[in-house]
Structures are given as C-alpha cells and as structure tokens.
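# Overview (structure and organization)
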Amino acid sequence: MTIPAKILVVEDEGIVAKDIENRLQKFGYDVCGTVATGEEAIVKVDELKPDLLLIDIRLRGAMDGIAVAQIVHYNFELPIIYLTANADELTLNRAMATEPFGYILKPFKEQELKLAIEITLNKYLKEKKLKQDQHWLTTVLKSIGDGVITSDREGKITFMNPSAEALTGWQQQEARGQKATEVFKLNYTEPQVLSEHPIQKVLQEGITVGLPERSRLIDKNGLEIPIDDCIAPIKDERGNITGAVLVFRDVSERHQVEAMRQKQIEQEQMLVQMEKLHELKDDFLSTVSHELRTPIANMKMAIQMLKTSPNQEKKQRYIEILQAECNREIELINELLDLQRLETASYPNLVQEAINLKEWLPEIVEPFSVRARENNQSLQIQLAPHLPQLLTDRASLERAIAELANNACKYTPAGGKIVISVSYQEAGEKSEVRSQQSEVIHASLTTHHAPLSYQLPTTQIIFNIRNQAEIPATELPKIFEKFYRVPNGDRWKQGGTGLGLALVQKLVEHLQGTLQVESKEGWTTFTMKLPSRTVRGD
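Note that this is a predicted model, so its numbers are computed, not measured. (Residues numbered from 1 in each chain as written. Predicted model: local features only at pLDDT ≥ 70, side-chain atom pairs only at ≥ 80, totals over all residues. Heavy atoms only, no water.)

## Quick look at the packing of aromatic side chains
Aromatic rings in a pair are described by how distant their centres are and how their planes are angled relative to each other. For the structure shown, the criterion picks out four aromatic pairs. When the centroid spacing of 6.2 Å and the interplanar angle of 80° are considered together, the rings of F101 and Y124 count as edge-to-face. Pair noted here: F101 is in the loop between α4 (89-96) and β5 (102-105) and Y124 is in helix α5 (residues 110-143), with a separation of 23 residues, a long-range link. Residue class for Y124 comes out buried when judged on its relative accessible area of 14%. For the pair F480 and F526, a centre-to-centre distance of 6.4 Å together with 90° between the ring planes defines the contact as edge-to-face. Placement of F480 in the loop between β18 (452-467) and α14 (500-510) and of F526 in strand β20 (residues 523-537) is noted, with a sequence separation of 46 residues between them. One exposure class covers both F480 and F526, and it is buried. Over the face of the ring belonging to W170 we find K220, whose NZ or CZ atom lies 4.8 Å from the ring centre. For the cation-ring pair, R466 lies above W523, with the distance from its terminal atom to the ring centre recorded as 4.3 Å. (Phe/Tyr/Trp six-rings, centres within 6.5 Å; stacked < 30°, edge-to-face > 60°. Helix = DSSP H or I, 4+ residues; strand = E, 2+ residues; numbered from the N terminus. Buried < 20%, exposed > 50% of the residue type's maximum accessible area, 1.4 Å probe, protein only. Lys NZ or Arg CZ within 6 Å of the ring centre and 35° of its normal.)

## What about the nonpolar core?
If you look at the biggest cluster of nonpolar residues, it comprises 44 residues, and the most contacted ones within it are L357, L361, L397, I401, F463, I479 and M528. Mapped by element, the contributors of at least two residues to this core are α12 (357-374), β14 (378-383), α13 (394-411), β16 (417-425), β18, α14 and β20. (Core = buried A, V, L, I, M, F, W, Y, C linked by side-chain atoms within 4.5 Å.)

## Description of the sheet that holds strand β1 (residues 6-10)
One open sheet accounts for five strands, arranged β2-β1-β3-β4-β5; its pairing is parallel. The open sheet has two edge strands, β2 (30-35) and β5, and neither has a second partner. Neighbour-to-neighbour, the strand axes of the sheet open up by a mean angle of 20°, direction not taken into account. Along the sheet, helix α2 (residues 38-48) makes contact with β1, β2 and β3 (52-56), crossing β1 at roughly 170°. (Pairing = 2+ DSSP bridges. Axes fitted to C-alpha atoms, helices over the stretch in contact; angles between N-to-C directions. Contact = heavy atoms within 4.5 Å.)

## Thoughts on the pattern of salt bridges
Counted under the stated rule, the structure contains 13 salt bridges. For the salt bridge of E11 with K106, the shortest nitrogen-to-oxygen distance reads 2.7 Å. In this pair, E11 sits in the loop between β1 and α1 (14-27) while K106 sits in the loop between β5 and α5, placing the two residues 95 residues apart along the sequence. One salt bridge in this structure joins E366 and R373, with 4.0 Å as the shortest N-O distance. Under the relative-accessibility criterion, E366 is labelled partly exposed at 24%. (Salt bridge = Lys/Arg side-chain N within 4 Å of Asp/Glu carboxyl O.)

## Here's the deal with the environment of L105
Structurally, the position occupied by L105 is in strand β5. Between the C-alpha atom of L105 and that of D56, which follows or precedes it by 49 residues, the distance is 9.9 Å.

## Focus: the environment of Q25
By the secondary structure assignment, Q25 is in helix α1. Judged by relative accessible area, which is 42%, Q25 ranks as partly exposed.

## As for α12
Taking 1.5 Å per residue as the helical rise, α12 with its 18 residues ought to reach 26 Å, and the 26 Å between its terminal C-alpha atoms agrees with that figure. Helix geometry: α12 is bent most strongly at E366, by close to 45°, with proline P367 lying one to four residues after it. When we look at burial in α12, the residues that qualify are L357, E359, W360, L361, P362, I364, V365, F368, S369, R371 and A372. Positive backbone phi, at 60°, marks N376, one or two positions downstream of α12. (Expected span 1.5 Å × (residues − 1). Bend = angle between axes of the 7 residues up to and from the residue.)

## Here's the deal with the environment of I71
Among the secondary structure elements, I71 is positioned in helix α3 (residues 65-75). Between the C-alpha atom of I71 and that of I42, which follows or precedes it by 29 residues, the distance is 7.8 Å. When neighbours within four sequence positions are excluded, I71 is seen to be in contact with I42, M63 and F76.

## Concerning the packing of α13 against α14
Geometrically, a packed helix pair is captured by the angle between its two axes and the distance between the axes. Packing of α13 against α14 brings their axes to within 9 Å, and their N-to-C directions diverge by 150°. The angle between α13 and α14 places the two elements in the roughly antiparallel class. Seen along the crossing, α13 lies across α14 with a hand that is left-handed. For the pair α13 and α14, contact is made by S396, R399, A400, E403, L404 and N407 and by G500, L501, L503, V504, L507 and H510, respectively. (Parallel < 35°, antiparallel > 145°, perpendicular 65-115°, else oblique. Left-handed = near helix turned anticlockwise from the far one by under 90°.)

## Observations concerning the side chain of H197
Examined against the element boundaries, H197 turns out to sit in the loop between β8 (185-188) and α9 (198-205). Since its relative accessible area comes to 12%, H197 is described here as buried. The residues contacting H197, other than those within four sequence positions of it, are T181, F184 and L186.

## What to know about the pairing of strand β10 (residues 215-218)
Side-chain alternation along β10 places S215 and L217 on a buried face and R216 and I218 on a face that remains uncovered. With four bridges connecting them, β8 and β10 associate as antiparallel partners. The partner of Y188 across the bridge, within β10, is S215. Here three bridges tie β10 to strand β11 (residues 224-235), and the two strands are oriented antiparallel to one another. When the bridges of β11 are listed, I218 appears paired with E224. Once β10 ends, the chain turns through five residues before running back antiparallel as β11, passing G222 with a positive phi of about 90°.

## What to know about unusual backbone geometry
Leaving glycine aside, a negative phi is the common case for residues, and trans is the common case for peptide bonds. The omega angle of the peptide bond from K106 to P107 is -10°, so this bond is cis rather than trans. Within the fold, P107 resides in the loop between β5 and α5. The backbone phi angle of K49 is positive, close to 55°, even though this residue is not glycine. Even without being glycine, H386 reaches a positive phi, approximately 60°. On the secondary structure map, H386 appears in the loop between β14 and β15 (390-393).

Set out below in structure tokens:
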C-alpha cells in the first residue's frame, strides 16, 4: 500500500525531471513541484511543505544538491533521497554527512525508485513518531515535581529533569555520562545501611528498590536533603535490562509537619500529665491537710480537757495524749520533708562506709525484738555464713530496716513469727543465693569495723523481712502509696503516718537498690536488694 505523500523533485535536466514526475504519479504520489536549482528548491520547500525530496547532486547554479540537503536537513528535518550518476568516494562522504534516507544511482529502475521511496517514507514516519513520543515524554518528565534521573546499563546518567537538577545541584549537561553513584549520593540515618548503592542493586538484579527510612541525598555542595525515592530497572521488549530510572522527592516539609505533629502530641500528653499531676497534688494536699489536722484536733481537745478537769490523774493522761500527738505531728512532718527531698534529689548524698552486717543488724533489730516479746511474737535474725561487709550509706539503710521491722511488728498477730534474713549473691553467680546453713541469732552484739584486706567485684546483698500476716491481693499494689494503710491491719492499734513504706521505697532507690513485696500462704515478704562493692575482713 502506497503511503500518501507530497514529493518535491530537484532535477536540472528537464526530460529526466519529467520522467521522474510521471513515474511518481504512476506510483500514486503527489508531485507538488519540480525545480532545477538549489535556490528554487529552498523556496519551494518553505512554500509547499513537501513530505519528501528527490534531489540530484549535480545542479545548475551556485548550490549543488548536497548543499540544498544540508539546509533542508537542519531547518526542515525532511527526508531526502539522492539521485545521481556520481558515486565517487568524496561525493559519497559529503552526501552521507547530510544523513539522507536513500541514495539511487542513475540510471535506475522504476522498481528501485518505488522501493526506495516506500522505505524512506516508512522509516521517516516511524522516526517522526518516535521523536514526538520522546518529546512528549521529556516534556512530561520536565514538568513533574519529582526528580527523575535515568541511566544506561553501565549506570551512567542519560537524563535529568529540572527537579533532579535542583535537588542534586548538577545540570543535565554536566551530569550526562557521569556515574549515577557520583551524582546521586546518599546518606542513611538509620542503622541498616545498604551494602551497595541501590542503583547498582537494580542494574544487577533487575528489581525495584526503595530507600530506607530517613535517607538523605547529598547534593553537589555537600548539603543533605531528606528524600523518598524508588529506583526501578528499564527493560526492553525482551526483558533485558537497558538502564534504570530514579524517581525521588524532597520530603523536608513532610518531616517538618511530622515533627510539628509529634511535638503537638507530646504537648498534649504533657498537658494530660500536668492535669493528672494537679489532680494528684490536690488529692495529696487534701490528704496531708487531713493527716496534719487530726493530731492538732486531738491536741486541742486534750488542752480543753486539761483546763476543765480537776482530777490530777486525768490531767496526766491528757498531757500524755498531748505528748503523743505532738510526736506524731513531728514524725509526720519529718517524713513528709524526707520524702520531698528524696523525690527532688535533694536528700543528703550517700556516705559510703563498710558495715559488718553480722554485728550491725542485731543491734538495729534489738528494740523490735523487745517489742515482739511483749506482743508474744517470735522474731528471728538469720545471716548467711561468710557474709561479706556491706559498703553503703549506714543512715539510709538503718531507717529502711527499722521501717520494715516496725511494719512487721505492727501487722503480725500474737503468736506469729517475724524473720529477718540476710544473704548475698556475688558477681557472676546466676541465681544461687548464698544463704545455706544460716546462723540463727537472738542477741545483740557490739558493733565494730573489721580491718579491710581486699575488695571484690560488685555483690548483691539481699535482705528479706518476712512476717506471718497476709495482705489481700487487691490491696497489695497500693501499699507504697502515700498515706495508704491496709484496712483493719493494725492489730495493736499503734497508728502511724501511712508514709513508712513510701519512704522505704524512696530510700532503697536512693541506695540504688530494688524493693519487692509478695504476700501469699499466710506470709508477707519484703525483699530488698542492694548493690555493694563488698569487702571481706581477715
């Protein structure tokens, strides 16, 4: 099937020109004109807009056919077929420089002419369509906001759109032919750094690769830009990898929005926490006010009774009430102040000293042993053999042990048992606690310091205070709260501030230790573990 086309014939021999015209019309083509000189040919091309030129190389006038073809090629991009009787090498080289679509030697056969024209028109239309597609694609790529870079099979850059130029700092002209790894440099803020540049992975494996989170592009000036991107292989119709395409975008603004959103979330959380703290503060102040008023109310009542009571014995009783409530008020205020200092890290610094636990602990526990005997309770001290000296703050430890022992006496019924034991676990031991064959001690001993001989690695000293009384499971999580008291637990009606266990918890934290409690099968056990660079005596 003949492709419709307008053909301009440039031939200076009239008879030959007419013969060519007749043959072209016979083939079904439209001969829009015949001209004999190069100058006329240029004018007619601009005027008639032909689809194809048949040009004789030898023409009358200053311009030969090759000169005409050069102008047509560069200004009109039309297909050209040379008709000539000249086939010398020099002429051929000049003609080839104009990129003609065909070259027919005179005399030619009719079929040769027809075939050359059909091949030329078919090739020209395909190339024209390809150029249009390429132009369209280039226009689209240049207009999109994402950066686009393409490379060949060796990873050398073949194209960059303006967005890619702006982000990388490279111009397409200087980047073309450069290694993509040199232009598209990456930095990873996440620890999972890729072992190779992603474009190399794409070209080797033919897979699409995305960058890790928080990847940054290093531009030509060394500035880092957060980007999202995807790199995919370019394949031909047979599936062969011919290159790669990188599509990426600047996500700085998105990161800023995310950061602002995160900050807003944190502020909202902080506001909720502040509101909760305000509620806790109000509850705490309400509770403190109540706890402080109770002794004062009792003191006021005792003062009123002193004024009106004529009985000396009753007056003495009221004085004792005043003394007890005054002491209770002082104890409450002191414990509140100590708690506040512990919570704000203004408590006195640790004064490390070596404590011989075998001699020190019975002395601390002795007052509670007396109290236990008065209440018909059994109190035992159990110390592991070869117990090392403990290097810690003596005053804080004494107070913590005293509070726990006081609690045990307060909540243990008559006939119940209280056991205070100390064991240790040296550094490197997994779970075995050195407490076998514990010595049972009932008497107090004089405290003195054994001479220090050498230091061992950090050891855990473990204190267990156990008593025969069980705390309900529903109450156990609350026992370290300020002013909390186990309902109906104070069998001996000894009272208290409700701050003892809260204070112990803070003291153990101050000693860099841990405090745990469990209550089951009729026993409650407080376990206090303290770190110590232990020292042994000779």
